[in-house]
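Per-entry structural report
Single-letter residue listing:
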Amino acid sequence: MPQTLSNTSMFTPCGFSPHNLHPSKEDDEGGLIFQDGNLTSASLNALIQHLIPTAEYYPEKAYIFTFLLSSRLFIEPHELLSRVCHKCIEQQQLDDPVLDKTRIRKFGPKILQLLTEWTETFPYDFQEERMISCLKDIIHRIAPCDEAYWKKMNQLLQTLNQKLATLNHGKEGIVKTNAAVSDKVVAFKSKPPSIQREMLSVCSDPYTLAQQLTHVELERLSHIGPEEFVQAFVHKDPLESTKPCFSEQKKTSNLEAYVKWFNRLCYLVATEICMPAKKKQRAQVIEFFIDVARECFNIGNFNSLMAIISGMNMSPVSRLKKTWSKVKTAKFFILEHQMDPTGNFYNYRTALRGAAHRSLTAHSNREKIVIPFFSLLIKDIYFLNEGCANRLPNGHVNFEKFLELAKQVGEFITWKQVECPFERDDNIIHYLHTAPIFTEDGLYLASYESESPENQTEKERWKTLRYEFISVESEVPSMESLV
């Protein structure tokens, strides 16, 4: 996979110098505003002009990423690319019968580099045919000046098609998995042991399970495009009051699928704990998942860690006092302390910074792994988006805000590109994706069956759940009647 974003330092709001800015009409009108050498705000037209390469100028990589990420709040990608290509044609006089080959040979590699960075970092933008048409059109115009441009265009399109095919294949697998899982949410532990497997029969080694969870996390993260973080919070642009920035449905399916995976893992952990009939077995499962969670922490897989802790803290599990009395809880309390929400998750953020630093200085993929607690990352980006206006009172784009957004999202991109160093076990991963899980009511019912209700409220709920379960069971035909 192309490593467009080498490290997170490129996303820090520094290095934007007015001396690097290519002169344009918008600049003369005061379209770009700098403070202490940093670009802080600009008109949309000026930002677009600043993106466009010339024979002498090429925008900084940090600027390209920041603007391509944030511009979709104001202009759709296909319209942006169309305007970029139109300005290139105009500025480089590509419509002239006789082209200035010397100038275009200097300009050509730069526009090709810009298009390459765009396709590598935001490949989903190019699922639209009109994006591909724009890309081909601009290259066709410069190709007569150098035959090598044809070859480079074909390589670019081939790499793009391969990447999109890989991403779409992965998405189809996730959709199929999610469809299969939806049919396997059970209300109560009604399946006999010969049919209903449990985690410990599939994987009894906590280190192995933590590694397989890391496989799942990195695979699902790899499908999330950076633009989904912006598109999740798309609002109507105040300067375009008649329509939202995206006329079509928000493209956040991979992000939403990843959140669903977190919820599934929470319920799977709770199901595995509530399923065994004997107290000793339930305690064994709890201690197993504590060890899995601890290894996830050591790996840097904070998302699975939080999902496991959340599953063990669900009410149907936490109320099993007799079971917990048999558990050595010291390790669990240490993990809970690490993920304590106090001080805006201060302990977790400290651990995350440590893992991020380890990743930057890593000598192996094992040390590079950083999988953040995803819901908190989304929350941070949400509050950044809500806390600062996209536009300033004068109508300028608040570029300072988008530099911070790009820093957060860019760091995430670096993390998600790490290849999982652990050997893959398809049997375990299949179980994680497809094992039946209890509904919330099913968890409570299993919990009450394991340890009797302690107060009147619990007794009433148990009675209601048992009645509903018996009613459902009587309505479902037996397997024998279907044969």
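Bear in mind the structure is a predicted one, so any value in this text is a computation, not a measurement.

Topic: the overall build of the protein chain
The number of helices and strands found in the protein chain is 24 helices and 5 strands. When burial is assessed residue by residue, the protein chain has 51% of its 483 residues classed as buried. Counting every atom, the protein chain has about 23,100 Å² of accessible surface; 52% of that belongs to carbon and sulfur.

Digging into helix 5 (residues 101-121)
Spanning 21 residues, helix 5 covers 30 Å between terminal C-alpha atoms, matching the ideal 30 Å at 1.5 Å per step. Largest kink in helix 5: about 30°, centred on Phe-107, with the proline Pro-109 one to four residues after it. For helix 5, the complete set of buried residues consists of Ile-104, Phe-107, Gly-108, Ile-111, Leu-112, Leu-114, Leu-115, Glu-117, Trp-118, Thr-119 and Thr-121.

Focus: the pairing of strand 2 (residues 38-42)
Counted residue by residue, strand 2 has 4 buried out of 5 residues, so it is predominantly covered. Here strand 1 (residues 32-35) pairs with strand 2 via 4 bridges, running antiparallel. Bridge assignment links Gln-35 to a residue of strand 2, and that residue is Asn-38. Here strand 2 runs beside strand 4 (residues 397-398); their pairing, made up of 2 bridges, is antiparallel. Note on strand 4: the bridge partner recorded for Ser-41 is Asn-398.

So, the sheet that holds strand 2
What the 3 strands build is an open sheet, ordered 1-2-4; its pairing is antiparallel. Both outer strands of the open sheet, strand 1 and strand 4, are each paired with one neighbouring strand and no more.

With respect to helix 19 (residues 374-387)
Taking 1.5 Å as the rise per residue, helix 19 with 14 residues should run 20 Å; its terminal C-alpha atoms sit 20 Å apart, in good agreement. Taken as a whole, helix 19 has its buried residues at Phe-374, Leu-376, Leu-377, Ile-378, Ile-381, Leu-384 and Asn-385. Where the residues of helix 19 are buried, they touch helix 9 (206-221), helix 10 (227-231), helix 11 (253-274), helix 13 (302-312), helix 17 (342-360) and helix 20 (399-416).

Things to note about the pattern of salt bridges
In this structure the tally under the stated criterion is 14 salt bridges. Where Asp-426 meets Arg-424, a salt bridge forms, and the shortest distance between an N and an O atom there is 2.6 Å. Residue Arg-424 is classed as partly exposed on the basis of its relative accessible area, which comes to 40%. Residue Glu-449 is joined to Arg-466 by a salt bridge in which the shortest nitrogen-to-oxygen separation is 2.2 Å. Of this pair, Glu-449 sits in helix 22 (residues 440-450) while Arg-466 sits in helix 23 (residues 456-475), and the two are 17 residues apart along the sequence. The partly exposed category is assigned to Arg-466, whose relative accessible area is 37%. Each of Asp-95, Asp-137 and Arg-141 takes part in one network of salt bridges that share partners.

Rules behind the numbers
Residues numbered from 1 in each chain as written. Predicted model: local features only at pLDDT ≥ 70, side-chain atom pairs only at ≥ 80, totals over all residues. Heavy atoms only, no water. Helix = DSSP H or I, 4+ residues; strand = E, 2+ residues; numbered from the N terminus. Buried < 20%, exposed > 50% of the residue type's maximum accessible area, 1.4 Å probe, protein only. Areas by Shrake-Rupley, 256 points an atom, 1.4 Å probe, with all protein chains shown as cover. Expected span 1.5 Å × (residues − 1). Bend = angle between axes of the 7 residues up to and from the residue. Pairing = 2+ DSSP bridges. Contact = heavy atoms within 4.5 Å. Salt bridge = Lys/Arg side-chain N within 4 Å of Asp/Glu carboxyl O.

Any functional reading would require information beyond the geometric quantities listed.
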